[in-house]
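Working through the structure, step by step
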Amino acid sequence: MQYKRILLKLSGEALMGNQQYGIDPIRLKEYAQEIKQITDKGVEVAIVIGGGNIFRGLAGASSGMDRVQGDNMGMLATIINGLALQSALENEEVPTRLQTAININEVAEPFIRRKAIRHLEKGRVVIFGGGTGNPYFTTDSAAVLRAIEINADVILKGTRVDGIYTSDPEKDKMATKFDFISFEDVLQKGLKVMDTTAFTLSQENELPIIVFDMNTKGNLLKVVCGERIGTKVNL
Ligand code: UDP
């Protein structure tokens, strides 16, 4: 295994599968099975999950809602996704803990860094819900923050695209993929990997990011084994 401890970032939208909204149980099960493959190999796995399949604060704000209220709704949406993922992982007999940045004590543990690390050491998958716990941030920022806090070796950003391209491959047929790219080049070329806050936090802390296609079976295991899948952003 190339990586001992990873932080996997999954967007909320990824959980929609072929649906327009919400959580697709088939997709959820597939993801749980992919994650089990790497925990079976002894990799320590932390997960940050987004909420875009349910609610985004910006979308609320654009229709007149107070931004902070909307962001709070978005953060709660990530906890809903976290509970769903926890359940799916437990169905595959993967031990898990859900820790949230907003306290909901009857439902999940509060985020406590040392406890999270202890869970990882014991082989439990730790799902971090509620983003950073602050409005005006994203779950990408939460992913980088938590990855640094738990000393993860890498952030794996699972998407439906198989890496970083010169332009959006879903719109531009001439787009070409990078196998490796530096943080500097991503910024200089104006490529979209994460929002700027998240991206620069990763850069400043020298935490590599791998963007890969999470929807192809076996890819997560390949990435963790060090195969050249997706695009790696490094110093
Ligand atoms: N959010 C927030 N603070 C955070 C993380 C998330 O306020 O630290 C809110 C924000 O409204 C965001 C929503 O939760 O739009 C869902 O998260 P995100 O958009 O990052 O989800 P993804 O795009 O990964 O599905």
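None of the values given here were measured: they were computed from a predicted structure.

On to the UniProt feature "binding site: ATP" (unreviewed entry) in the protein chain, then. When the UniProt feature table is mapped onto this chain, "binding site: ATP" (unreviewed entry) is found at Lys9, Leu10, Ser11, Gly12, Gly52, Arg56, Thr159, Tyr165 and Asp168. Spanning 160 residues, the named residues do not form one spatial group; their C-alpha atoms are separated by as much as 25.6 Å. For Arg56, the location among the structural elements is in the loop between strand 2 (44–49) and helix 2 (57–62). Tracing the chain through its elements places Tyr165 in strand 7 (residues 164–165). Residues within four places of Tyr165 in sequence aside, it is in contact with Ala175, Thr176, Lys177, Phe178 and Leu191. A distance of 2.6 Å separates the side chain of Tyr165 from the side chain of Asp162, its partner in a polar contact.

Our focus in this paragraph is the packing of helix 1 (residues 25–39) against helix 3 (residues 67–91). Two elements in contact, helix 1 and helix 3, have axes separated by 9 Å at closest approach and are oriented at 60 degrees. Our classification of the angle between helix 1 and helix 3 gives oblique. For the pair helix 1 and helix 3, the crossing hand works out as right-handed. In this structure, helix 1 contributes Leu28, Ala32 and Ile35 to the contact, and helix 3 contributes Ala84, Leu85, Ala88 and Leu89. Classifying every residue of the contact of helix 1 with helix 3 by side-chain character gives seven nonpolar, no polar and no charged.

What counts and how
- Here, residues in each chain are numbered from 1, in the same order as that chain's written sequence.
- Totals for whole chains, interfaces and linings use every residue, but because this is a predicted model, local features are given only for residues with pLDDT of at least 70 and side-chain atom pairs only at 80 or more, for both listing and counting.
- Here the side-chain values reflect all heavy atoms present in the structure, with hydrogen atoms and water set aside.
- UniProt positions are given in the numbering used here, feature names are shortened, and annotations may be inferred rather than shown by experiment.
- A helix here means a DSSP run of H or I that spans at least four residues, while a strand means a run of E at least two residues long, and both kinds are numbered starting from the N terminus.
- Here a residue-residue contact requires only that any non-hydrogen atoms of the pair lie within 4.5 Å.
- We define a polar contact as two N or O atoms separated by no more than 3.5 Å, with the added condition that, inside protein, one atom must be a possible hydrogen donor and the other a possible acceptor, whereas residues neighbouring each other in sequence contribute only through side-chain atom pairs.
- An axis is simply a line fitted to the C-alpha atoms; with a helix, the fit covers only the stretch in contact. Between two such axes, the angle follows the N-to-C directions and lies from 0 to 180 degrees.
- Reported orientations rely on four angle classes, namely roughly parallel under 35 degrees, roughly antiparallel over 145, roughly perpendicular from 65 to 115, and oblique for the rest.
- Handedness of a crossing follows from how the near helix is turned relative to the far one, being left-handed for an anticlockwise turn of less than a right angle and right-handed for a clockwise one.
- Residue polarity is assigned by list, with Asp, Glu, Lys and Arg as charged and Ala, Val, Leu, Ile, Met, Phe, Trp, Tyr, Cys and Pro as nonpolar; anything else, Gly included, falls into the polar class.

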